[in-house]
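# A structural walkthrough
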Amino acid sequence: MLAHREICRSSQVDVFTDRLNSLFYPAQRVRTRTPRPDLSESLLRAARLDHVTVAFVRFGTEAMLDAGALGAYHVNVPLSGRVASACGPRESVATPARGAVFTPREHAALPSWDADASQICIKIEKSALEAELEALLGHPIGGDVRFELAMDLTSPHAQSWLSVLRLILSELDRPSGLLEHSKSHRGYLEKLLISGLLQTQAHDHLDELRRPVPQARPRTVKRVVDLIEADPRANYTVADLARHAGVGARRLQMAFQESLNTSPTGYLRKVKLARARADLLASGETVMSVAYRWGFNHPGRFSAAYRSRYGESPSDTLRRGRFV
C-alpha cells in the first residue's frame, strides 16, 4: 500500500511529526506516552492528488495528537488497533470496523493512539467537498458540512466507498499510471471519493440528499444527453452532469430514469460502449487503445461491460471488423 510513496520510517518523534504536519495540519502536536519512545516501527507513506491527500500512518508506539481546527475535512480509516477520536463535543473510538470523520472548524484530537494502530488518513480540501455537495443538491450551502464523527465501515454504503478508496490506493501503487499522468482521471476518482463520502456518512445535509425531489423537465435530460453525445470521452460524474443541467443530482437521476429508463452515468456508459464498438469494427487498433480513448481506464471492466451489452468480447468484435 503506497509502496512507492514512503516519506519516513523509524524516525525520531520530531522528524516524524514534521513530515506528518507538512502533509496535513501545520499546528498538529504529537506526544508519546513515554519520554524515550521506540519509533523503530514507525512508517509514513503519502501522496497528494489535486484536492485529496491520502497517507498510511503508523507510529509503532502509544501516541496522542492534538490538531485543533483542521480547516479541511478529514477521514481516518483504521487498519489495525484502536484510536480514540474527538471532534468538537463528539467522541468515538476508531477501529477497523469504525472510522472517524472530522469537520473543518471544530477542535480535532486523537487523545489515544495505540501502539499497534495504523490508519489510512485522508484530507479533503474544504472547497472541493462543499462544491461537490452543492452540485449534488443543486443549490449553495451555508457554512461547513457537519459530519457525524463515527463512521460504520461495515455498512453496504461504506463498503462501496471503501472500494473507491482501494481503487485510488491501487492506482497510486502503479508507477506512471493514469492517476499520475491524467488530470481528468485523477479528478474523476477524487470526485467519486468525495461524492461517496457525502452519500455514505451522516451529516446535516444527508436527509435532503435522500429526499424525493420533483421531476425535472425533459429539456433538462436533453441538455445532459447533448453534452454526453458531444463529448462522450469525458468521465463525467453525476455531480458534473447535474451541474451542467442546473439541477440537483437526485432530480437528474429521477428524470433520466423516468425518461430513458437508465441513470445519467448508465446513459454515458452506453454511448461510450457504442462509440468503442464502432471503432473496433472500423479500425485496426488494439482493444486497449480503443478502451482508453473512450474513457475506460480499466481493461477488465471495459471487457465485462462490453460483453454484457453486446454478447461478445471486444477482441471478438475487433477480429470480425478485420474480415469485413
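See the structure printed just above.
Computed from a prediction, not measured in an experiment: that's the story for all the values here.

## Focus on the packing of helix H7 (residues 218-230) against helix H10 (residues 264-282)
Their axes nearest at 10 Å, the elements H7 and H10 cross at an angle of 30°. With respect to each other, H7 and H10 are oriented roughly parallel. Judged by the twist between their axes, the crossing of H7 over H10 is right-handed. In this structure, H7 uses Val225, Ile228 and Glu229 to contact H10, whose residues at the interface are Pro264, Tyr267, Leu268, Val271 and Arg275. Its residues placed into classes, the contact of H7 with H10 shows six nonpolar, no polar and two charged.

## Regarding the environment of glutamate 134
Mapped onto the secondary structure, glutamate 134 falls in helix H2 (residues 126-137). Considering only alpha carbons, one finds glutamate 134 and proline 104, 30 residues apart in sequence, at a separation of 17 Å. Apart from residues no more than four positions distant in its own chain, glutamate 134 is found in contact with His139, Pro140 and Ile141. Looking at glutamate 134, its side chain comes within polar contact range of the main-chain nitrogen of isoleucine 141, at 3.2 Å.

## Points about the sheet that holds strand E12 (residues 150-152)
Picture the strands of a sheet paired through backbone hydrogen bonds; they go either parallel or antiparallel. Taken together, the seven strands give an open sheet; going across it, the order is E1-E3-E4-E11-E6-E9-E12, and neighbouring strands pair in antiparallel fashion. Edge positions in the open sheet fall to strand E1 (6-9) and E12, since each of these has one partner strand only. For this sheet, the mean inter-axis angle between neighbouring strands, taken without regard to orientation, is 20°. When strand E6 (residues 73-80) meets strand E11 (residues 118-124), the two strands line up antiparallel, connected through seven bridges. Bridging across to E11, proline 78 finds its partner in glutamine 119.

## Description of the packing of aromatic side chains
Applying the stated rule across the entire model yields eight aromatic pairs. For the ring pair phenylalanine 59 and tryptophan 113, a centre distance of 4.8 Å and an interplane angle of 90° mean the geometry is edge-to-face. Of this pair, phenylalanine 59 sits in the loop between strand E4 (52-58) and strand E5 (63-69) while tryptophan 113 is found in strand E10 (residues 107-113), placing the two residues 54 residues apart along the sequence. For phenylalanine 59, a relative accessible area of 2% translates into the label buried. For tryptophan 113, a relative accessible area of 2% corresponds to the buried category. Note on phenylalanine 256 and tyrosine 267: the rings are 6.1 Å apart at their centroids and 65° apart in plane angle, and the pair reads as edge-to-face. One end of the pair, phenylalanine 256, is in helix H9 (residues 249-260); the other, tyrosine 267, is in helix H10, with 11 residues separating them in the sequence. Across the pair, exposure class does not vary: phenylalanine 256 and tyrosine 267 are buried alike. One aromatic cluster is present, formed by Phe296, Phe302, Tyr306 and Tyr310 through successive ring pairs. Sitting above the plane of the tryptophan 294 ring, arginine 233 keeps its charged end 5.0 Å from the centroid.

## A word on the pattern of salt bridges
One pass over the structure, following the stated rule, counts 19 salt bridges. As a salt-bridge pair, aspartate 144 and arginine 105 come within 2.8 Å of each other at their nearest N and O atoms. Linking aspartate 144 in the loop between H2 and E12 with arginine 105 in the loop between strand E9 (98-102) and E10, this pair joins segments that are 39 residues apart in sequence. In this structure arginine 105 comes out as exposed when scored by relative accessible area, which is 58%. Overlapping salt bridges bring together Arg105, Lys126, Glu130 and Asp144 as one network.

## Re the packing of helix H3 (residues 156-172) against helix H5 (residues 183-200)
In the contact formed by H3 and H5, the axes pass within 9 Å of each other and the chain directions differ by 160°. Classed by the angle they form, the pair H3 and H5 counts as roughly antiparallel. Every pair of crossing elements has a handedness; the one defined by H3 and H5 is left-handed. Residues His157, Ala158, Trp161, Val164, Leu165, Leu167, Ile168 and Glu171 of H3 form the contact with H5, whose own contacting residues are His185, Leu189, Leu192, Leu193, Gly196, Leu197, Gln199 and Thr200.

## Examining the sheet that holds E10
Judged by pairing direction, the sheet is antiparallel, and its five strands sit side by side in the order E2-E5-E10-E7-E8 without closing on themselves. With partners counted over all chains shown, the strands left at the sheet margins are strand E2 (29-32) and strand E8 (90-94), one partner each. Averaged over all pairs of adjacent strands, the angle between strand axes in this sheet comes to 15°, irrespective of strand direction.

How each quantity is defined
- Residues numbered from 1 in each chain as written.
- Predicted model: local features only at pLDDT ≥ 70, side-chain atom pairs only at ≥ 80, totals over all residues.
- Heavy atoms only, no water.
- Axes fitted to C-alpha atoms, helices over the stretch in contact; angles between N-to-C directions.
- Helix = DSSP H or I, 4+ residues; strand = E, 2+ residues; numbered from the N terminus.
- Parallel < 35°, antiparallel > 145°, perpendicular 65-115°, else oblique.
- Left-handed = near helix turned anticlockwise from the far one by under 90°.
- Contact = heavy atoms within 4.5 Å.
- Nonpolar A, V, L, I, M, F, W, Y, C, P; charged D, E, K, R; others polar.
- Polar contact = N/O pair within 3.5 Å; in protein donor to acceptor, adjacent residues only side chain to side chain.
- Pairing = 2+ DSSP bridges.
- Phe/Tyr/Trp six-rings, centres within 6.5 Å; stacked < 30°, edge-to-face > 60°.
- Buried < 20%, exposed > 50% of the residue type's maximum accessible area, 1.4 Å probe, protein only.
- Lys NZ or Arg CZ within 6 Å of the ring centre and 35° of its normal.
- Salt bridge = Lys/Arg side-chain N within 4 Å of Asp/Glu carboxyl O.

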